[in-house]
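Letter by letter, the chains look like this.
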Amino acid sequence: AVVSTQSTGAHRLAIGGKLVEAALSSRNPQLYNTLALLFSAIPGTHFSRAVFAKIAEILAEPANFYAEGWSSAAQSILLLTHSFFQHCKNDAVDYIHEFINENASHLQTESQVVYIFKLVSPFLRQWRNATQRKQILYSLYQVMFSLLSENSASNPDLFVDFMYFIKYIYVGDEFKSMLERHLPSLPTNVASKLKFCGADKSD
């Protein structure tokens, strides 16, 4: 049925949610790309918001994340989201940084944080809006600092390396003040590895 343009945002979001569930119920990753291409043609952000509502639901359930990997549900929505990112316009997902901030309380384990990395990292270069990309990266920095400050990461070097990658590829010295603000709260061995991440290029 054709959805009337008079439909409310909540109604469209509900329809987007049903489309997400329908796609995932196929349990056929080969179909995800075709379905995501069709979904990317849906006006507005209702489908993409439905996708991220599902991701939030997945993140809120710790049983989906364990040291060796992720549940099949987490992997399926990741594949569908990647397929959608390949085709959608940037403005369909311009609130990703808001999503990360709103769900920061669910990003408590190394596996969950790596999942978010896996979700957005392959597409960072695709965002033509530099401000939008920096907002996403700023949110990722905050998540990493939170995890590292609790000293609960089994592989802190992974996050240290990603911070340096973000610095040298995308933001330069723009996050220097944030880094300096968080360094005192980090374990000594991690802080020592990040001290040059906050250094100016001329230092």
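Quick caveat: nothing in here was measured; it's all calculated off a predicted structure.

Caption draft 1: Molecular detail of the side chain of H82. If you trace the backbone, H82 turns up in helix α4 (residues 72-87). Residues in contact with H82, not counting those within four places in the same chain, are K118, L119, P122 and F123.

Caption draft 2: Just the pattern of salt bridges, in detail. The tally for this structure, following the rule as stated, stands at six salt bridges. When the shortest N-O distance is used, the salt bridge between E174 and K134 registers 2.6 Å. Taken together, the positions of E174 in the loop between α8 (156-171) and α9 (176-182) and K134 in helix α7 (residues 130-149) put the pair 40 residues apart, joining distant regions of the chain. Look at E174 and you get partly exposed, because its relative accessible area is 49%. Between K176 and E180 there is a salt bridge, and its shortest N-O distance comes to 4.0 Å. Taken as a pair, K176 and E180 lie in helix α9 at a separation of four residues, close to a single helical turn. Looking at E180, the relative accessible area reads 44%, which means it is partly exposed. When salt bridges that share partners are traced, they join E21, K54 and E57 into one network.

Caption draft 3: The arrangement of the packing of α4 against helix α6 (residues 110-120) in detail. Direction vectors running N to C along α4 and α6 enclose 25°, while the axes themselves pass 9 Å from each other. Taken together, the axes of α4 and α6 lie roughly parallel to each other. Counting all contacts with α4, which are made through A74, I77, L78, T81, H82 and F85, the residues of α6 involved are Y115, K118 and L119. For the contact of α4 with α6, a count of residues per class yields six nonpolar, two polar and one charged.

Caption draft 4: Broad picture of the environment of S40. Inspection of the secondary structure assignment puts S40 in the loop between α2 (29-39) and α3 (46-59). For the pair S40 and F85, spaced 45 residues apart in the sequence, the C-alpha separation amounts to 8.5 Å. Filtering out sequence-adjacent residues up to four positions away, S40 remains in contact with F84, H87 and C88.

Caption draft 5: Layout of the packing of aromatic side chains. Using the criterion set out here, one finds 13 aromatic pairs in the structure. With a centroid separation of 6.2 Å and an interplanar angle of 10°, the aromatic rings of Y164 and Y168 are classed as stacked. Remark: Y168 and Y164 occur in helix α8; sequence separation between them is four residues, near one turn of the helix. Owing to a relative accessible area of 17%, Y164 belongs among the buried residues under this scheme. Stacked on the ring of Y168, the Lys or Arg K167 has its end atom at 5.4 Å from the ring centre.

Cut-offs applied
Residues numbered from 1 in each chain as written. Predicted model: local features only at pLDDT ≥ 70, side-chain atom pairs only at ≥ 80, totals over all residues. Heavy atoms only, no water. Helix = DSSP H or I, 4+ residues; strand = E, 2+ residues; numbered from the N terminus. Contact = heavy atoms within 4.5 Å. Salt bridge = Lys/Arg side-chain N within 4 Å of Asp/Glu carboxyl O. Buried < 20%, exposed > 50% of the residue type's maximum accessible area, 1.4 Å probe, protein only. Axes fitted to C-alpha atoms, helices over the stretch in contact; angles between N-to-C directions. Parallel < 35°, antiparallel > 145°, perpendicular 65-115°, else oblique. Nonpolar A, V, L, I, M, F, W, Y, C, P; charged D, E, K, R; others polar. Phe/Tyr/Trp six-rings, centres within 6.5 Å; stacked < 30°, edge-to-face > 60°. Lys NZ or Arg CZ within 6 Å of the ring centre and 35° of its normal.

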